[in-house]
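Observations on the three-dimensional arrangement
Here is what each chain is made of, one letter per residue.
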Amino acid sequence: MSIRTQILGFPTSLVSVFSRLRGAPKEGVHSRSCWADENPIRADLFGLELMRTHVHSLAVSHARIGFGTRGRPLIARLNDNARVLQGANIVLSHASEQGKQLTPAAEWLIDNYYLMDMQIQTIKVELPVGYYRDLPKLVDGVFADLPRVFEIAWALVAHTDSHISTETIREFLETYQQTQPLLIRELWAVPINIRIVLIENLRRISQKISADLKARERADTLVDALTENGGVNGPQTMQLLAGVEIHTLSRAFLVQFAHRLRGHDPQKDPAFLWLDGVLQEKGTDLETLVHEEMQEQGALNATIRNVINSIRLMTTTDWNDLVEDVSFVSRILAAHGEFAGMDLTTRHLYCRAVEKLAKGSRFSECDIASLAVSKAQNARVEQPAEPRRADPGYYLIAEGRPALE
């Protein structure tokens with residue numbers, strides 16, 4: 001195999017890498033799938049009012065939902081994420097052992113890989129068998145056949161740059177439910193879906209980090225080859241450079257190539273002149289390119305730090321209070337009787353009863369809760385001698401349930 005083939009013969013593998021970095025759909029993936037774009041999950045950061053407007057629009061777009069067994073399980077994607085993250089960890093750890101300079105984002109990934117891998121295994125255990133059957137799914141759009149709570153988690157991660165807090169989750173769910181109340185089981189599914197999306201984001205960042213590392217290595221290999229063949233001013237310089245497929249060159253490659261040419265005359269050096277021509281063809285210049293690369297590395301570092309910190313938060317937070325606070329069913333039940341002062345287990349029994357009754361009827365969970373409260377209020381007035389009948393629980397989990405059914 002010739003030096004040129006070894007160094008410059010990367011039209012297939014490298015093109016595929018950089019097409020993914022540009023967000024091109026992978027072969028075999030529907031262009032409308034949420035998996036088609038492999039760029040980091042990152043969107044505009046909103047202030048409170050803009051976030052509320054966006055969340056309202058999201059809820060309106062979820063007007064059409066479906067139930068049943070049909071769905072796109074996330075477990076397969078989660079397994080693939082584990083594979084990708086493991087591969088990235090191996091590549092980056094090997095580079096670190098070789099003494100290669102890594103970006104801060106790459107170091108964050110290496111230092112926290114086992115924590116993330118453990119999270120993936122935990123998520124897989126926590127996904128119940130009937131998870132997809134019970135959750136409402138979207139029927140159209142890029143998240144079609146996925147639970148609507150999954151897109152809620154995706155939007156939350158995207159518009160916070162993965163910087164999740166319990167206050168943000170609370171505000172997001174409160175705003176969403178002003179338009180579209182969520183089921184009790186959906187509220188409980190929010191934490192695990194956020195973790196799944198955070199892992200998905202980590203996968204995308206790891207792919208970007210690994211691709212950039214490989215691009216810099218190829219730039220180093222090219223400069224080394226130019227040097228070995230008589231230096232960058234040698235007779236074979238232009239022959240080697242002429243064989244490079246310019247459209248495959250990423251920003252990381254070009255910045256590293258320029259870095260390796262430091263000390264050479266940019267006005268006379270053939271490799272520098274070639275680089276200048278490449279930049280002109282791409283409609284940019286070296287100063288802009290370096291600035292954009294520094295910005296991108298800073299953004300990757302911030303996002304991966306946010307992902308890891310948010311996953312830690314998600315695993316240490318007690319979700320009982322948050323879910324009850326944003327649950328419309330809990331609010332309806334708490335507005336009457338002693339529900340708010342009951343122990344957690346009893347409150348869960350009440351809510352589970354509402355959930356089960358709603359599954360088998362044409363009434364919503366809020367309708368069921370309101371009906372139980374209404375019957376309790378009527379009994380308080382009409383049957384004061386029987387105080388048990390004045391509690392919604394009498395109709396949800398006790399003797400009054402057959403009548404409620």
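Remember, predicted model here, so these are calculated numbers, not experimental data.

**Remarks on empty space enclosed by the protein**
Inspection of the entire model under this criterion finds two cavities of 30 Å³ or more. Forming the boundary of the largest cavity are Leu92, Leu102, Thr103, Ala106, Lys208, Ile209, Asp212, Leu213, Arg216, Gln297 and Leu300. Elements supplying a minimum of two residues to the lining of the largest cavity: α9 (184-228) and α13 (286-316). With five residues, the top contributor of residues to the lining of the largest cavity is α9. Taken together, the residues that form the lining of the largest cavity break down as six nonpolar, two polar and three charged. Put simply, the second largest cavity is a space of about 30 Å³. Lining the second largest cavity are Gln177, Leu182, Leu183, Ile184, Leu187, Ser327, Phe328, Val329, Glu365 and Cys366. When residues of the lining of the second largest cavity are traced back to their parent elements, those giving at least two are α9, α15 (328-334) and α17 (365-382). A class-by-class count of the residues in the lining of the second largest cavity yields seven nonpolar, two polar and one charged.

**Some thoughts on the environment of Leu300**
Mapping Leu300 onto the fold places it in helix α13. Along the backbone, Leu300 and Ala105 are 195 residues apart, and their C-alpha atoms lie at a distance of 6.1 Å. Ignoring sequence-local partners within four residues, the contact set of Leu300 consists of Pro40, Arg42, Ala105, Ile205 and Lys208.

**Concerning the pattern of salt bridges**
What the rule picks out here adds up to 26 salt bridges. Residue Arg148 is joined to Glu186 by a salt bridge in which the shortest nitrogen-to-oxygen separation is 2.6 Å. With Arg148 in helix α7 (residues 148-158) and Glu186 in helix α9, this pair connects stretches of sequence that are 38 residues apart. In this structure, the salt-bridge partner of Glu405 is Arg401, at a minimum N-O distance of 2.9 Å. Overall, the relative accessible area of 62% leaves Glu405 in the exposed class. The class for Arg401 is buried, based on a relative accessible area of 19%.

**Some thoughts on α9**
Its 45 residues give α9 an end-to-end C-alpha distance of 67 Å, which sits within 8% of 66 Å, the value for a rise of 1.5 Å per residue. Along α9, the largest kink reaches about 40° and is centred on Val190; proline Pro191 follows within four residues of it.

**A short note on the packing of aromatic side chains**
Applying the stated criterion to the full structure yields 10 aromatic pairs. The interplanar angle of 5° and the centroid separation of 6.2 Å between the aromatic rings of Phe253 and Phe257 together place this pair among those described as stacked. With Phe253 and Phe257 both in helix α11 (residues 251-260), this residue pair falls four residues apart, about one helical turn. Look at Phe257 and you get buried, because its relative accessible area is 0%.

**Looking at the layout of surface pockets**
In this model, the second largest pocket occupies a volume close to 540 Å³. Taken together, 24 residues line the second largest pocket, and the ones lying closest to its centre are Ile184, Arg185, Trp188, Ala189 and Arg352. Counting only elements with at least two residues in the lining of the second largest pocket, the list comes to α6 (131-134), α9, α14 (319-326) and α16 (344-359). Ranked by residues supplied to the lining of the second largest pocket, first place goes to α9 with seven residues.

**Digging into the side chain of Gln119**
One can find Gln119 in helix α5 (residues 104-126). Note on Gln119: relative accessible area 7%, which makes it buried. Setting aside its immediate chain neighbours within four residues, Gln119 contacts Arg195, Ile311 and Thr315.

**Observations regarding the packing of helix α4 (residues 75-97) against α5**
Where α4 contacts α5, the two axes come as close as 10 Å, and the packing angle between them is 155°. The angle between the axes of α4 and α5 places the two elements in the roughly antiparallel class. Along this stretch, α4 crosses α5, giving a crossing that reads as left-handed. Of the residues in α5, those touching α4 at Ile75, Leu78, Asn79, Ala82, Leu85, Gln86, Ala88, Asn89, Leu92, Ser93 and Ser96 are Ala106, Leu109, Ile110, Tyr113, Ile120, Ile123 and Lys124. Of the residues contributing to the contact of α4 with α5, the split by class is 12 nonpolar, five polar and one charged.

**Structural notes on α4**
Along an α-helix, residues three or four apart share an orientation, since each turn contains 3.6 residues. With 23 residues, α4 extends 33 Å from end C-alpha to end C-alpha; this agrees with the ideal 33 Å at 1.5 Å per step. Within α4, burial applies to Arg77, Leu78, Asn81, Ala82, Val84, Leu85, Ala88, Asn89, Leu92, Ser93 and Ala95. In the core, the buried residues of α4 are packed alongside α5 and α9. Count one or two residues on from α4 and you reach Gly99, which has phi positive near 80°.

**Re the nonpolar core**
Counting 67 residues, the largest nonpolar core has Phe150, Ile169, Leu173 and Ile194 as its most contacted members. No other element matches α9, which puts 13 residues into this core. Every residue in contact with Leu173, bar those within four places of it in the chain, is listed here: Ile152, Leu182, Leu187, Val190, Leu322 and Val326. Grouped together as the second largest cluster of nonpolar side chains are 23 residues, Leu241, Leu249, Ala258 and Phe272 included.

**Let's talk about the packing of α4 against α9**
Contact geometry of α4 with α9 gives a least axis separation of 9 Å together with a crossing angle of 35°. The two elements α4 and α9 cross, and the hand of that crossing is left-handed. Taken together, the residues of α9 that come into contact with α4 (itself represented by Arg77, Leu78, Asp80, Asn81, Val84, Leu85, Ala88, Val91, Leu92 and Ala95) are Ile199, Glu200, Leu202, Arg203, Arg204, Ser206, Gln207, Ile209, Ser210 and Leu213.

About the cut-offs
- Residues numbered from 1 in each chain as written.
- Predicted model: local features only at pLDDT ≥ 70, side-chain atom pairs only at ≥ 80, totals over all residues.
- Heavy atoms only, no water.
- 1 Å grid on protein atoms, 1.4 Å probe; cavity = no way out; pocket = protein on both sides within 12 Å on 5 of 7 lines; lining within 4 Å.
- Points joined across faces, edges and corners; volume = space filled by probe spheres on them.
- Helix = DSSP H or I, 4+ residues; strand = E, 2+ residues; numbered from the N terminus.
- Nonpolar A, V, L, I, M, F, W, Y, C, P; charged D, E, K, R; others polar.
- Contact = heavy atoms within 4.5 Å.
- Salt bridge = Lys/Arg side-chain N within 4 Å of Asp/Glu carboxyl O.
- Buried < 20%, exposed > 50% of the residue type's maximum accessible area, 1.4 Å probe, protein only.
- Expected span 1.5 Å × (residues − 1).
- Bend = angle between axes of the 7 residues up to and from the residue.
- Phe/Tyr/Trp six-rings, centres within 6.5 Å; stacked < 30°, edge-to-face > 60°.
- Axes fitted to C-alpha atoms, helices over the stretch in contact; angles between N-to-C directions.
- Parallel < 35°, antiparallel > 145°, perpendicular 65-115°, else oblique.
- Left-handed = near helix turned anticlockwise from the far one by under 90°.
- Core = buried A, V, L, I, M, F, W, Y, C linked by side-chain atoms within 4.5 Å.

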